[in-house]
Amino acid sequence: MYRLISELYPICRSITGDGLRQTLRRLREQIRLELSEVPTGTQVFDWTVPKEWNIRDAYVKNARGERVLKDAEYEVCIDSTLEDGHLTYGEYFLPGEIRGEVLISCHTCHPSLCNDNLSGIALAASLARVLAVAPHRYSYRFLFVPGTIGAITWLARNEDKIPHIKHGLVLTGVGDAGELHYKKSRRGNAEIDRAVAHVLQHSGQPHKILEFSPYGYDERQYCSPGINLPVGRLSRTPHGTFPEYHTSADNLEFVHPEKLADALTACLTIFSLLENNQTYMNLNPKCEPQLGKRGLYRMVGGSADAGLSEMAMLWVLNQSDGRNSLLDIAERSGLSFDSIQKAARALEEHELLRKDFKSVPQAAR
Ligand code: ZN
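The structure contained in this document is the topic of the report that follows. Not measured: the values here are computed from a predicted model. (Residues numbered from 1 in each chain as written. Predicted model: local features only at pLDDT ≥ 70, side-chain atom pairs only at ≥ 80, totals over all residues. Heavy atoms only, no water.)

**Things to note about the packing of helix H9 (residues 326–333) against helix H10 (residues 337–349)**
Where H9 contacts H10, the two axes come as close as 9 Å, and the packing angle between them is 125 degrees. What the angle tells us is that H9 and H10 run oblique. Considering the relative orientation of H9 and H10, their crossing is right-handed. Residues Leu-326, Leu-327, Ile-329, Ala-330 and Ser-333 of H9 pack against Phe-337, Ile-340, Gln-341 and Ala-344 of H10. Looking at the contact of H9 with H10 residue by residue, the classes come out as seven nonpolar, two polar and no charged. (Axes fitted to C-alpha atoms, helices over the stretch in contact; angles between N-to-C directions. Helix = DSSP H or I, 4+ residues; strand = E, 2+ residues; numbered from the N terminus. Parallel < 35°, antiparallel > 145°, perpendicular 65-115°, else oblique. Left-handed = near helix turned anticlockwise from the far one by under 90°. Contact = heavy atoms within 4.5 Å. Nonpolar A, V, L, I, M, F, W, Y, C, P; charged D, E, K, R; others polar.)

Structure follows, in structure tokens:
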């Protein structure tokens, strides 16, 4: 991820133009990104796709016509064009077993700024590569779009796809030294909001959960009232609250490979939770089943987590009446999703539990 950031850092990007295209083409070497070109003047909801801004050259010259840098009195030239063209965005759709989708969105329009948002771009590209070779139930849609106008353009052109989006994350500013911050979706209690809160809480690392507000990145568009998707935002230090924000100090020293790796782990843990958050039926609901005769009681006897595993099995058996998902049970028990999921798997293997397909909404299948 850090190497990709280093490669993309020098490119002059804007919300339209050749720098944006060059960035997306570089990403296409890693993932099968489909590029869309939307002509200048296209109406997208209340907005219009703008002209392309392309910079050809920019310099400061002294009185002798020499390009310089030192502080003095100079003539400044910026050679650029603002002409009809296209707005470019990249999209990668990874089909899963079900039609329900997880949306991952990042903005690709900023010039040479590393944390905002080459870190988000690199993280999304890595997630796409990892998920492409991992078994997954959900379909995943990755959007690499210029901020605001790109998200609006995608939503305006893809209204038919919106109902399939079950969960989503906007990724931005994930490479600085700060702790992870999750901003909840407009809904506030969506499965993604609860999943991220649970994963961060059990990560053992400092973090913050922020309530939704109508300011920030493209969650503003995904969470506008007429769209109202369950899309939250994962960042580290929030935008505007650190001195390097939107300055040349947001450079290659400001982002850290280990922080990018930690954000990748967090995202994969969140997606794993969503993938496995299913609802089960206890097949022996009249009083507790006898775990001992099935070898489930003290199955890890002697080890420190023996009690935890039994407690997780008791919680899963007690709550699996077709109404509570594994995340519901993890939240209510205070146990980690991982231990609850392991308990469910063991009980399922011993035919004490089965997935409750009736509880899965038709659209998510
Ligand atoms: Zn920004």
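**Here we look at the pattern of salt bridges**
Per the stated rule, a full pass over the model turns up 22 salt bridges. With a shortest N-O distance of 2.9 Å, Arg-21 and Asp-18 are connected by a salt bridge. With Arg-21 and Asp-18 both in helix H2 (residues 18–28) and three residues apart, the pair spans about one turn of that helix. With its nearest N and O atoms 2.6 Å apart, the salt bridge here joins Arg-21 to Glu-52. With Arg-21 in helix H2 and Glu-52 in strand S4 (residues 52–61), this pair connects stretches of sequence that are 31 residues apart. Here the salt bridges do not stand alone but share partners, grouping Asp-18, Arg-21, Glu-37 and Glu-52 into one network. (Salt bridge = Lys/Arg side-chain N within 4 Å of Asp/Glu carboxyl O.)

**A few points about the coordination of the zinc ion**
All of the protein donors around the zinc ion are His-110 (NE2), Asp-116 (OD) and His-246 (NE2); their distances to the metal are 2.0 to 2.1 Å. Of note, the zinc ion draws all its donor residues from one chain, in the sequence arrangement H-x5-D-x129-H. Here His-110, found in the loop between strand S7 (101–107) and helix H3 (114–132), pairs with His-246, found in the loop between strand S12 (231–235) and helix H7 (257–276); they are 136 residues apart in sequence, far enough to count as distant. The exposure class of His-110 is buried, given its relative accessible area of 16%. (Donors = N, O, S within 2.8 Å, 3.2 Å for Na, K, Ca; no water. Buried < 20%, exposed > 50% of the residue type's maximum accessible area, 1.4 Å probe, protein only.)

**A look at empty space enclosed by the protein**
With a probe scaled to a water molecule rolled over the atoms, the places where space remains empty come into view. In the structure shown here, the tally under the stated rule is one cavity of 30 Å³ or more. Each pocket or cavity is described by its volume, and for the largest cavity that value is around 70 Å³. Residue lining of the largest cavity: Asn-115, Asp-116, Thr-172, Gly-173, Tyr-217, Arg-233, Ser-235, Thr-237, Pro-238, His-239, Phe-242 and Tyr-245, and that is the complete set. Residue assignment for the lining of the largest cavity shows that the elements contributing at least two residues are H3 and S12. When its residues are assigned to classes, the lining of the largest cavity shows four nonpolar, six polar and two charged. (1 Å grid on protein atoms, 1.4 Å probe; cavity = no way out; pocket = protein on both sides within 12 Å on 5 of 7 lines; lining within 4 Å. Points joined across faces, edges and corners; volume = space filled by probe spheres on them.)

**As for H10**
With 13 residues, H10 extends 18 Å from end C-alpha to end C-alpha; this agrees with the ideal 18 Å at 1.5 Å per step. Those residues of H10 that sit buried are Phe-337, Ser-339, Ile-340, Gln-341, Ala-343, Ala-344, Ala-346 and Leu-347. (Expected span 1.5 Å × (residues − 1).)

**Re the environment of Leu-127**
Along the chain, the position of Leu-127 falls in helix H3. The class of Leu-127 is buried, set by a relative accessible area of 0%. Each C-alpha atom, one on Leu-127 and one on Glu-7, is 18 Å from the other, the two residues being 120 residues apart in sequence. When near neighbours in sequence (up to four residues on either side) are disregarded, Leu-127 contacts Phe-142, Leu-171, Leu-264, Cys-267, Leu-268 and Phe-271.

**Comments concerning the pairing of strand S9 (residues 165–171)**
Most of S9 sits out of view: six of its seven residues are buried. Bridge count between S7 and S9: five bridges; the pairing is parallel. Looking at S9, one finds that Ile-104 is bridged to Leu-169. (Pairing = 2+ DSSP bridges.)

**Considering the sheet that holds strand S6 (residues 86–94)**
A sheet is described by the order of its strands in space; here eight strands give the open sequence S1-S6-S8-S7-S9-S12-S10-S11, paired in mixed fashion. Either end of the sheet is taken by a strand with one partner, and the two such strands are strand S1 (34–39) and strand S11 (207–210). Averaged over all pairs of adjacent strands, the angle between strand axes in this sheet comes to 20 degrees, irrespective of strand direction. Strand direction decides the pairing type here: strand S10 (residues 180–183) and S12, joined by three bridges, are antiparallel. Note that in S12 the partner of Tyr-182 across the bridge is Leu-234. Helix-sheet contacts for H2 involve S1, S6 and strand S8 (139–145), and the interaxial angle to S6 is about 20 degrees.

**Quick word on the nonpolar core**
Within the largest apolar cluster, 72 residues are counted, with the highest numbers of intra-cluster contacts made by Tyr-140, Phe-142, Phe-144, Leu-171, Phe-271 and Leu-347. Per element, the largest residue contribution to this core is ten residues, and it comes from H3. Other than its neighbours up to four places away in sequence, Phe-142 contacts Gly-90, Glu-91, Tyr-92, Ile-104, Ala-124, Leu-127, Ala-128 and Leu-131. Grouped together as the second largest cluster of nonpolar side chains are 21 residues, Val-49, Trp-154, Leu-155 and Leu-229 included. (Core = buried A, V, L, I, M, F, W, Y, C linked by side-chain atoms within 4.5 Å.)

**Digging into the sheet that holds strand S15 (residues 353–355)**
Strand order in the open sheet formed by three strands is S14-S13-S15, with antiparallel pairing between adjacent strands. The strands lining the two open edges of the sheet, one partner per strand, are strand S14 (321–325) and S15. Neighbour-to-neighbour, the strand axes of this sheet turn through a mean angle of 35 degrees, independent of strand direction. Inspection of the sheet shows strand S13 (residues 279–282) paired to S15 by three bridges, in the antiparallel sense. Its bridge partner being in S15, Asn-282 is matched across the sheet by Leu-353. Packing against the sheet, H9 makes contact with S13 and S14, and its axis sits at approximately 70 degrees to S14. Contacts between H10 and the sheet are confined to S13 and S15, with S15 contributing the most and set at about 105 degrees to the helix.

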